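The primary structure of each chain is shown beneath.
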Amino acid sequence: MDKNTLLESITAASKDNIITKDEILNAYDRGQGVKKDTALTRHLNIAEILYYIGGLIVFSGIVILVYQHWSELNTFSRISITLGSAIISYITAVIFTKYEKYEPLSHVFFLISALLSPIGMSIFIYEMKISISFIATQLAISSILLTLYLSSYYIFRKVLFIILNIIFGTWLFFSFTEWVLNGSPAVSMFHLTEYRFLLTGLSYISLGYFFSERDERSLSSPLYSFGVIALLGATFALGGYSPNQNSLWELLFPLVNFAVIYLSVYLKSKSFLTFGTIFLMAYIGKITTEYFANSLGWPLSLVIAGLAIIAIAFISINLNKKYLQKTV
Amino acid sequence: MPYFKKHLPLFIALALPVIMVLFIAGAIYLPAFFSHPTTDFIYTTGYDYCGTQYFVQYQKIAKSENTCPNYYPKPPQEYKLFLHKTKEDVSAQITFEQAEGYTINENSTSPEGYKIEYGSQSGGFFPFFMYSGSDHNSIYLTNNGVSYKLNTVNTNGYSGQFKFLGWIVK
């Protein structure tokens, strides 16, 4: 079969929805001998689901053990049960990565280590009586774990480490800004919490777009979801509520919202459309209650709001049918 | 350039938080290089409903003696007067007689435009850094978003509550 015939076959199969883009790319990668980490991107079988459930139960058991017997355990026991378990889990996971058939187990033990590490490190700092503030503790923990998992991703190239890096990186961003602010009243004056969530949302959306064109494209959907919730939630909060509303953000919010809905078509993301629609409905309800309840009367403003929400839902469903069927 | 263009969304995602951190650090610490409040002020510490209390009357520090009721469980906590030298950022306890010698502007805003505010309660765990209220242990001078932490006498919450009386008129 020559190349042109093969390509035409693929085109015909794509038109008839016999084959998906991922299947074509996977076949190509297999031919190239590219080994991809698919543990978090393919559907899990029952055994793997049980692995993860078991891992969560192990984590819960350790936390409950330490919590219930805190006063009976000495310093060494507290640290070894939590931080020690985290370290041993990590080492165990590294050993499992050497054997392909134990790959899913390595993920579980990496996950147990990631969950236990912050608790273990907090207990270590507390027991060693290292005199730093709670914020400084979080700053230290998030920066150490981010460094660890960035290095782990560089060595092992697992998608799980990307997720952990995003989580610990976000934690580092929030705790570092808290530490820099150092209790300054500028926080509440400038709504810095809302702006942090806004920027985090934009970062997540940008990361989601970055991964959408790579092997880790399965991360795009959750990143888009969290990103758009943070972006729209922060923008909504910045608008405030009468009489303390911020008119600029109240006027900007619908623009941001419509941009999100427009991007749902461009990025082919259902998350954008779904949350954009929900937030737009919330915005209409808020504006109606804020400015029209007294002038038009509460019942009449409810009627108008309800009709607007019906219209938005109708448009949203049609956008979904027309542009976003069979997308993330 | 192709590498940069290909990874542009990643660079944007990483740059946004860094820019915000730099912006916050600049907003908090840079103003100290350009301007600094200089107006001194008088404040008291102490918290009780009776005993000797200080206030401002006719631009002078005045005091009143309020007898504690018989059922009052303990002796009233003594109010202490302090003069805060803003430029040096130091507080010194003064007597009532010393305080009487100053002319006081009891306006909450200084002639330079600064106000006294409590700090924010910095607590919580990511991402729930909730501000449950003011931190009475830290006092700030603020002006249009610029803030300076003051080295006042430890107010220690309600047991030694900070009470601003007024700015020194020179």
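Before reading on, note that the structure itself is shown above.
Residues numbered from 1 in each chain as written. Chains lettered and ligands numbered in written order. Predicted model: local features only at pLDDT ≥ 70, side-chain atom pairs only at ≥ 80, totals over all residues. Heavy atoms only, no water.

Undergrad: Can you walk me through the interface of chain A and chain B in this structure?
TA: Much of the literature gives interface size as the accessible area that the parts lose upon coming together. At the interface, 36 residues of chain A touch 30 residues of chain B. Considering only the side of chain A, the residues that lose the most area to chain B are A:V180, A:P185 and A:F210, jointly responsible for 18% of the buried surface there. Where chain A packs against chain B, one counts 0 salt bridges. At the boundary of chain A and chain B, one finds 2 residue pairs in polar contact (both at pLDDT 80 or more). In terms of residue count, helix α9 (residues 192-212) of chain A provides more of the side of chain A that touches chain B than any other element does, 12 residues in total. Classifying every residue of the side of chain A that touches chain B by side-chain character gives 22 nonpolar, 11 polar and 3 charged. (Contact = heavy atoms within 4.5 Å. Buried area = accessible area lost by both parts, 1.4 Å probe. Salt bridge = Lys/Arg side-chain N within 4 Å of Asp/Glu carboxyl O. Polar contact = N/O pair within 3.5 Å; in protein donor to acceptor, adjacent residues only side chain to side chain. Helix = DSSP H or I, 4+ residues; strand = E, 2+ residues; numbered from the N terminus. Nonpolar A, V, L, I, M, F, W, Y, C, P; charged D, E, K, R; others polar.)

Undergrad: Is there a simple way to explain the pairing of strand β1 (residues 41-45) of chain B in this structure?
TA: Side chains on a regular strand alternate between the two faces of the sheet. Residues and elements named next belong to chain B. When you tally the buried positions in β1, you get 5 out of 5 residues, the bulk of the element. The alternating pattern of β1 places F41, Y43 and T45 and I42 and T44 on opposite faces, both of which are buried. Inspection of the sheet shows β1 paired to strand β4 (residues 80-85) by 5 bridges, in the antiparallel sense. Directly across from F41, in β4, lies its bridge partner H84. (Buried < 20%, exposed > 50% of the residue type's maximum accessible area, 1.4 Å probe, protein only. Pairing = 2+ DSSP bridges.)

Undergrad: Would you mind showing me how to read the packing of aromatic side chains here?
TA: Given two aromatic rings, their pairing is described by the distance between the two centres and the angle made by the two planes. Residue and element names in this part refer to chain A. Going through the model one piece at a time under the given rule, you end up with 31 aromatic pairs over all chains. Among the aromatic residues, those joined into a cluster by ring pairs are Y90, F110, Y149, F156, F161, F168 and W171. Taking NZ or CZ as reference, R78 lies 3.9 Å from the ring centre of W70, over its face. In this structure, K286 packs its charged tip against the face of F236, placed 5.4 Å from the ring centre. (Phe/Tyr/Trp six-rings, centres within 6.5 Å; stacked < 30°, edge-to-face > 60°. Lys NZ or Arg CZ within 6 Å of the ring centre and 35° of its normal.)

Undergrad: So what exactly am I meant to see when it comes to the pairing of strand β10 (residues 163-169) of chain B here?
TA: All names here are of chain B. β10 sits mainly inside the fold: 5 of its 7 residues count as buried. Pairing analysis gives 4 bridges linking β1 to β10, with the strands arranged antiparallel. In the strand pairing of β10, F41 is matched with W167. Pairing of strand β6 (residues 103-105) with β10, which is carried by 3 bridges, proceeds in the antiparallel orientation. Residue pairing across strands places I104 opposite I168, the latter belonging to β10.

Undergrad: I tried to follow the nonpolar core on my own but got confused; where do I start?
TA: Nonpolar side chains in soluble globular proteins tend to end up buried together. Residue and element names in this part refer to chain A. Core analysis: the largest hydrophobic core is formed by 39 residues, its most contacted members being Y149, L164, I166, F168, F211 and L223. When contributions to this core are tallied by element, the ones reaching two or more residues are α3 (46-68), α4 (75-96), α5 (103-127), α6 (134-156), α7 (159-181) and α9. Residues in contact with L223, not counting those within four places in the same chain, are I166, Y204, I205, L207, G208 and F211. Core analysis: the second largest hydrophobic core is formed by 16 residues, L232, L238, L267 and I287 among them. (Core = buried A, V, L, I, M, F, W, Y, C linked by side-chain atoms within 4.5 Å.)

All we've got here are geometric facts, nothing functional implied.
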